[in-house]
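Working through the structure, step by step
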Amino acid sequence: MTSSSGLVCDGCGQTASAEHIARRLRRLEWTTRYRPVHIHTLLLGAFSPWRDEGFLYATGGEHGDEFRGEAAQILAAVGISTAGKTRDTIHAEFQRAGFFLTHILECPLEGDSATTALLAKRLQPFATRTRRSLKPKRVMAITEELAPIVEDILALDLGCPVVLDHGKPFRLEGCGGDKAGERLREALAISAGG
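As the structure is a computational prediction, the values presented were derived from the model and not from experiment. (Residues numbered from 1 in each chain as written. Predicted model: local features only at pLDDT ≥ 70, side-chain atom pairs only at ≥ 80, totals over all residues. Heavy atoms only, no water.)

1. Re the overall build of the protein chain
The cut-off we apply is this: What counts as a helix is a DSSP run of H or I of at least four residues, what counts as a strand is a run of E of at least two, and both are numbered from the N terminus. Accessible area is worked out with a 1.4 Å probe on protein chains only. A residue is then buried under 20% of its type maximum, exposed over 50%, and partly exposed in between. Contact criterion: two residues are considered in contact whenever any of their non-hydrogen atoms come within 4.5 Å of each other.
A count of helices and strands for the protein chain gives 7 helices and 6 strands. The proportion of buried residues among the 194 residues of the protein chain is 44%. A sequence separation of at least 24 residues applies to 65% of the contacts in the protein chain between residues at least 6 apart.

2. Examining the side chain of Asp-165
Going by this rule: The definition of a polar contact used here is a pair of N or O atoms within 3.5 Å, where within protein one atom must be able to donate a hydrogen and the other to accept one, and adjacent residues in sequence count solely through side-chain atom pairs.
Relative to the helices and strands, Asp-165 is located in the loop between strand E6 (162-163) and helix H7 (180-193). Polar side-chain contacts of Asp-165 include one of 2.8 Å to the side chain of Arg-183.

3. Brief notes about the nonpolar core
Let me state the cut-off plainly: Take the buried residues of types Ala, Val, Leu, Ile, Met, Phe, Trp, Tyr and Cys, join any two whose side-chain atoms come within 4.5 Å, and each joined set is a nonpolar core.
Residues Leu-43, Leu-56, Tyr-57, Phe-94 and Ile-104 are the most contacted members of the largest nonpolar core, which totals 52 residues. Residues within four places of Tyr-57 in sequence aside, it is in contact with Trp-30, Thr-31, Tyr-34, His-91, Phe-94, Phe-99, Phe-100 and Leu-101.

4. Description of the environment of Gly-167
Mapping Gly-167 onto the fold places it in the loop between E6 and H7. Overall, the relative accessible area of 44% leaves Gly-167 in the partly exposed class.

5. Points about the pairing of strand E3 (residues 41-47)
Rules: One requirement defines pairing of two strands: DSSP has to find at least two bridges between them.
Counted residue by residue, E3 has 6 buried out of 7 residues, so it is predominantly covered. Sheet analysis places E3 next to strand E4 (residues 99-105), joined by 6 bridges and oriented parallel. Counterpart to Leu-44 in the pairing with E4 is Thr-102. Direction of pairing for E3 relative to strand E5 (residues 138-141): parallel, over a ladder of 4 bridges. Bridged to Leu-43 within E5 is Met-140.

6. A few points about the environment of Thr-86
Structurally, Thr-86 is set in the loop between helix H2 (69-78) and helix H3 (87-96). With relative accessibility at 34%, the residue Thr-86 sits in the partly exposed group. Note: C-alpha distance between Thr-86 and Glu-66 (20 residues apart in sequence) is 9.6 Å. Within polar-contact distance, the side chain of Thr-86 engages the side chain of Thr-89 at 2.8 Å.

7. Thoughts on the sheet that holds E4
Strand order across the open sheet formed by 4 strands is E4-E3-E5-E6, with parallel pairing between neighbours. Each of the sheet's edge strands pairs with one partner strand only, and the pair in question is E4 and E6. The pairing of E5 with E6 spans 2 bridges and is classified as parallel. Within E6, the position partnered with Val-139 by the bridge is Val-162.

8. Regarding the pattern of salt bridges
Short version of the rule: Only one rule defines a salt bridge in this text: a Lys or Arg side-chain nitrogen within 4 Å of an Asp or Glu carboxyl oxygen.
Throughout the structure, instances matching the rule amount to 11 salt bridges. When the shortest N-O distance is used, the salt bridge between Asp-88 and Arg-33 registers 3.8 Å. Note that Asp-88 is positioned in helix H3 and Arg-33 in helix H1 (residues 18-33), a separation of 55 residues in sequence. Overall, the relative accessible area of 41% leaves Asp-88 in the partly exposed class. Residues joined in a network through salt bridges with shared partners are Asp-10, Arg-24, Glu-106 and Arg-129.

Quick look at the structure:
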């Protein structure tokens, strides 16, 4: 039985049930395991995907072709093939490349949450964590849900530049012939070479 204890999750600011906290701790454990010592590129999303197979750092199945949703899109964007590789191999390759994925809301959205308001409330904790702990060389905003707060993100003191796609967050997957995914890959390649 799910009971809301009135606690607020420190990773997303939403009211947290026991199940919510358990999921957060599990995802935090998965993520910490593959955090690079030196983060070159911090890929920034708005909120974690709901399903574990869409969460990049999830453990579970043996094979890399089991990544879905956001996880599969990120791996494609950074040029990491999953064919014939184990999940551990893929995670290690992502880590060695200096990539780290985080979300302003470290948990999935629950219910009819006011997304923009929740994101805005979590900006300062995100900035503090980025400056003091993560210390990336750059941040790349990669989800459209960040668009309403992109100016607020740019105004933060993150200790590094924020890379955008013509003033907007990059999109992982282009729609209707848009080349946003291609522009993300190009931006990643430019900095990898420089």
